[in-house]
Amino acid sequence: MIGLEPTTVAKAGSYMAQFLGLSWPRDREEVLSKINDFRDLTYTDPNLTLFDNVTECIAVSSYRMGCLSGQCGVDPCDDNFFQGFVLPEHLISISAAWESKRPLNIRTRWRETQQGLSEQERGDRVSVTETSTLVPTERPMLHSGRLKMFASRPEDTGKEVLLDVVIEGNVHRRISFKLQFDQWVESRETIVSIDYVSLPADRVGTVTLAEATDLRILSVYEPWEDVPNYRLFRLSSRCPSGFILLQGVRRFREVAYDHEMVEIGSRTVLRHAAEHLRYGIGTVETADNQKSANAYASMIGAIRGLMNRSRGEAKQDPHPFAGRQVSPSNILPGYKRR
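Read on for a plain summary of the structure. Each chain carries its own residue numbering, running from 1 in the direction its sequence is written. The predicted origin of the model limits local features to residues at a pLDDT of at least 70 and limits the giving and counting of side-chain atom pairs to 80 or more, whereas totals for whole chains, interfaces and linings rest on all residues. Side-chain numbers come from the whole structure's heavy atoms, not from hydrogens or water.

1. Some thoughts on the sheet that holds strand β9 (residues 147–151)
Strand pairing is defined by DSSP finding a minimum of two bridges between the two strands. Put simply, DSSP H or I for four residues or longer makes a helix, DSSP E for two residues or longer makes a strand, and each gets a number counted from the N terminus. Here four strands make up an open sheet; going across it, the order is β12-β9-β14-β15 and the pairing antiparallel. Of all the strands in the sheet, the pair left with one neighbour each is β12 (184–186) and β15 (217–221). Direction aside, the axes of adjacent strands within the sheet are offset by 20° on average. In the sheet, strand β14 (residues 207–211) pairs with β15 via four bridges, with the strands oriented antiparallel. The residue of β15 that forms the bridge with A210 is I217. Orientation is described by axes fitted as lines to C-alpha atoms, over the contacting stretch for helices, and by angles from 0 to 180 degrees between their N-to-C directions.

Below, the structure is given as structure tokens:
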């Protein structure tokens with residue numbers, strides 16, 4: 001959100017600690033927990049609407065619909081494939097989409113589940129429909145083959161990743177990878193598709209999954225992803241440009257390192273947030289609860305002030321008909337003035 005003046009965990013922690021009655025970096029873990037509590041409030045509080053204008057350019061991929069005659073084609077233009085994309089992990093939903101500067105119609109999962117896949121739009125208009133399935137990789141496998149995994153941190157060496165896959169002969173099997181730092185580990189089986197991925201919860205770094213033949217990347221899993229599942233969207237017709245521009249709502253994720261971003265860096269907001277969290281959690285004292293409520297109200301007011309400053313005015317534009325008297329001749333037949 002423009003105008004919220006982000007900062008780093010290190011700067012936010014050193015400032016908030018004094019109002020939490022703690023010391024930075026001595027009480028780093030406790031202060032970090034409060035920072036994440038504050039950030040969670042900014043994402044989920046019904047009094048705020050933030051982080052809803054994140055934009056992302058997504059490359060369109062081809063997804064296999066299934067084997068209609070026992071033989072899966074490999075041409076992305078044949079009838080066994082459809083064009084679509086996976087919603088990035090850091091977005092929780094889509095609010096708008098464009099292709100070649102043209103806005104797209106966004107269809108819900110209900111439309112596909114109840115009525116089948118969305119109908120072809122007239123002309124070359126493209127629409128977006130959420131499919132009734134979740135997928136474990138950001139990009140699809142287009143060919144049967146072996147898989148490889150790569151660990152980015154030495155602390156993850158020896159940790160096990162489990163995959164439920166379909167191998168040749170339509171056999172379902174569970175396979176595992178023992179991660180190695182800075183090395184690719186290859187599967188023994190020839191894999192047709194991936195149903196499920198389970199990553200170790202104590203990972204430190206990212207894990208990359210790729211096709212072994214050409215090292216085509218299927219997913220880069222972040223440390224907080226234990227059982228990745230991504231929402232898959234289908235395009236109703238071919239996408240000439242091959243890219244979709246999305247506007248969506250950012251997903252909340254905890255921060256852990258000093259260099260990571262705290263979305264709101266205003267000292268006033270951070271002070272009120274620290275006072276709210278210090279007195280409002282785990283206490284039954286009336287005076288403390290009142291302090292917490294006052295600090296919360298001040299925090300919300302300060303955040304709204306930052307938002308208004310970024311808009312250039314304290315108020316939104318008025319309704320186009322505000323203050324305009326309606327002529328009786330303009331009232332529709334069958335309606336009357338109340």
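2. A short note on the side chain of E225
Along the chain, E225 falls in the loop between β15 and β16 (230–235). One buried charge, E225, has no salt-bridge partner; the nearest side chain with opposite charge is R203, at 6.1 Å. A distance of 2.9 Å separates a polar atom in the side chain of E225 from the backbone nitrogen of E222. In protein, a polar contact requires one atom able to donate a hydrogen and another able to accept it; more generally it is a pair of N or O atoms within 3.5 Å, and residues adjacent in sequence count only if both atoms are side-chain atoms. Within the local environment of E225, its side chain forms a polar contact with the side chain of Y230, the two groups lying 2.6 Å apart. Contact criterion: two residues are considered in contact whenever any of their non-hydrogen atoms come within 4.5 Å of each other. The residues touching E225, leaving out its near neighbours within four places in the chain, are E89, L199, R203, V220 and Y230. Residue exposure (1.4 Å probe, protein chains only): buried if accessible area is under 20% of the type maximum, exposed if over 50%, otherwise partly exposed. Charge convention: Lys and Arg are scored as positive, Asp and Glu as negative, and His as well as the terminal groups of each chain are ignored. Basic side-chain nitrogens of Lys or Arg form a salt bridge, by our definition, when they fall within 4 Å of a carboxyl oxygen of Asp or Glu.

3. Describing the sheet that holds strand β13 (residues 191–198)
Strand order in the open sheet made by the three strands is β11-β10-β13, with antiparallel pairing throughout. Each of the sheet's edge strands pairs with one partner strand only, and the pair in question is β11 (171–178) and β13. Going from strand to strand, the sheet's axes swing by 30° on average, the running direction of each strand aside.

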